[in-house]
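The residues making up each chain are set out below.
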Amino acid sequence: MGSMRTKHTVVARIVASVAILATFVSCVHRPITDDYYFQAMGDPQEIVVTMDTTSPEKLPGRFLESDPSFGELLSRVDRLSVALYDESGIADDDGVYSAEDLANYHFYGIAEGNIPAFLTNSMLLWDDAWEKIEEGRVRYYRNAWLGLDVYAPRRDLLLFADADYMKAYHTIYKERTTKIPAGLAQRMANSLFGFYIGNPQAMVDVGLAIPQTVLAQTESMVLVVEEDLNGKLSLGGIITMKSPKLANSLSILLKSSYISDKRRNKEPFGDLTNLFVLENAAVSINGMELSQEQYESFSAMFGSLATLSTGEKR
């Protein structure tokens, strides 16, 4: 299977081509499940990112700088969800993955939207750049140059993977089991960006100044980039620790870090009442204004995810 280190977009090129066909087809998105498709992702060692692509101008990171074909993709796709997993043991010495490390991840995922399955698969079948692959009764198409396997198993859905299409097929579609709890998934789905890690060994540096010793004690982490009433982007999330005592320590750490950042930048603290809420073993982050440093950190991370999910190596 080809490397994800390609010079051109991957998912963007394919779904953009699909979008050309989709202009002649009118279809309404009807999910086959009551939960969100991305809820079936989230195995240990996986990082799950889901994006509401209906308002691309609001997406942080380098999505707006992508190839024009990516803009065409966004115009036809309502949601793009990607699971990233590492098989190379590339974690930093402190055990935390950096944005640069993400470039070495494998990925699989799903695009949901105005995607006509029959026309999409027919286009791939008759395109010499794509090789038809059959594993038992499962069919998909592979483009060795792009380093991508892809297939639309039904109308409105496009599954893709850089190394293991069958993983995407069974995990997301055929034998799906819910891994991300409903409450967390709802928070992710209602945000511009939803980010989930269910295992501390898959943690990445997200700019919150949380020591690795603390990250190692987490059960799960959900972070979301949301838009407040004034149109400003803010950070929300729920970090679940292994015990209420650890959650209390994390709450104190987050509040202290936040206050220190405000003092250093000579900015007003604002209302701290509900900014960090402790409930049993979980700490909720509510509408935290991102500092420039934190925003740049998130932008770098999401930019790396954009690079992977579009197959573009910058």
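Residues numbered from 1 in each chain as written. Predicted model: local features only at pLDDT ≥ 70, side-chain atom pairs only at ≥ 80, totals over all residues. Heavy atoms only, no water.

Caption draft 1: Up close: the overall build of the protein. Along the protein, the regular secondary structure elements total eight helices and twelve strands. A total of 314 residues make up the protein; the buried ones form 53% of that total. Taking contacts inside the protein between residues at least 6 apart in sequence as the whole, the part at least 24 apart equals 71%. For the protein, the computed accessible surface area is about 14200 Å², with 49% contributed by carbon and sulfur atoms. (Helix = DSSP H or I, 4+ residues; strand = E, 2+ residues; numbered from the N terminus. Buried < 20%, exposed > 50% of the residue type's maximum accessible area, 1.4 Å probe, protein only. Contact = heavy atoms within 4.5 Å. Areas by Shrake-Rupley, 256 points an atom, 1.4 Å probe, with all protein chains shown as cover.)

Caption draft 2: Structural detail: the sheet that holds strand β1 (residues 46-52). Reading across from one edge, β4-β5-β6-β7-β3-β2-β1-β8-β9-β10-β12-β11 is the order of the twelve strands in this open sheet, with antiparallel pairing throughout. Looking along the sheet, the strands with just one partner apiece sit at the ends: β4 (131-135) and β11 (276-279). Looking at each pair of strands side by side, their axes are set apart by 15° on average, direction ignored. With eight bridges joining them, strand β2 (residues 77-85) and strand β3 (residues 106-113) adopt antiparallel strand pairing. Bridge pairing in β3 links arginine 79 to glutamate 112. Packed onto the sheet, helix α5 (residues 182-189) meets β1, β2, β8 (193-197), β9 (218-227), β10 (233-241) and β12 (282-289) and runs at close to 30° relative to β9. (Pairing = 2+ DSSP bridges. Axes fitted to C-alpha atoms, helices over the stretch in contact; angles between N-to-C directions.)

Caption draft 3: Layout of helix α4 (residues 165-174). Those residues of α4 not exposed but buried are Tyr165, Met166, Ala168, Tyr169, Thr171 and Ile172. The inward-facing, buried residues of α4 abut β3, β4, β5 (138-143), β6 (148-154) and β7 (157-161).

Caption draft 4: The arrangement of the nonpolar core in detail. Grouped together as the largest cluster of nonpolar side chains are 73 residues, with contacts concentrated most on Phe38, Met41, Tyr108, Tyr165, Ile172, Ile180 and Met288. Top element by residues in this core is β2. It accounts for six residues. Ignoring anything within four residues of it in the chain, the contact list for isoleucine 180 reads Phe38, Gln39, Met41, Val48, Ala185, Met188 and Tyr196. (Core = buried A, V, L, I, M, F, W, Y, C linked by side-chain atoms within 4.5 Å.)

Caption draft 5: Spatial organisation of the pattern of salt bridges. The tally for this structure, following the rule as stated, stands at nine salt bridges. We note a salt bridge from aspartate 43 to lysine 179, for which the minimum N-O separation is 3.6 Å. In this pair, aspartate 43 sits in the loop between α1 (11-22) and β1 while lysine 179 sits in the loop between α4 and α5, placing the two residues 136 residues apart along the sequence. When the shortest N-O distance is used, the salt bridge between lysine 167 and glutamate 46 registers 3.6 Å. (Salt bridge = Lys/Arg side-chain N within 4 Å of Asp/Glu carboxyl O.)

Caption draft 6: Main features of the packing of aromatic side chains. If you walk through the whole model with that rule in mind, you get eight aromatic pairs. A ring pair is formed by tyrosine 169 and tyrosine 173, whose centres lie 5.8 Å apart and whose planes are at 45°; its orientation type is tilted. Here tyrosine 169 and its partner tyrosine 173 are both found in helix α4, four residues apart, which amounts to about one turn of the helix. The class for tyrosine 169 is buried, based on a relative accessible area of 13%. Each member of the aromatic cluster is reached from another via a ring pair, and the members are Tyr140, Tyr165, Tyr169 and Tyr173. It is lysine 167 that lies over the ring of tyrosine 85; its NZ or CZ is 5.1 Å from the centre. (Phe/Tyr/Trp six-rings, centres within 6.5 Å; stacked < 30°, edge-to-face > 60°. Lys NZ or Arg CZ within 6 Å of the ring centre and 35° of its normal.)

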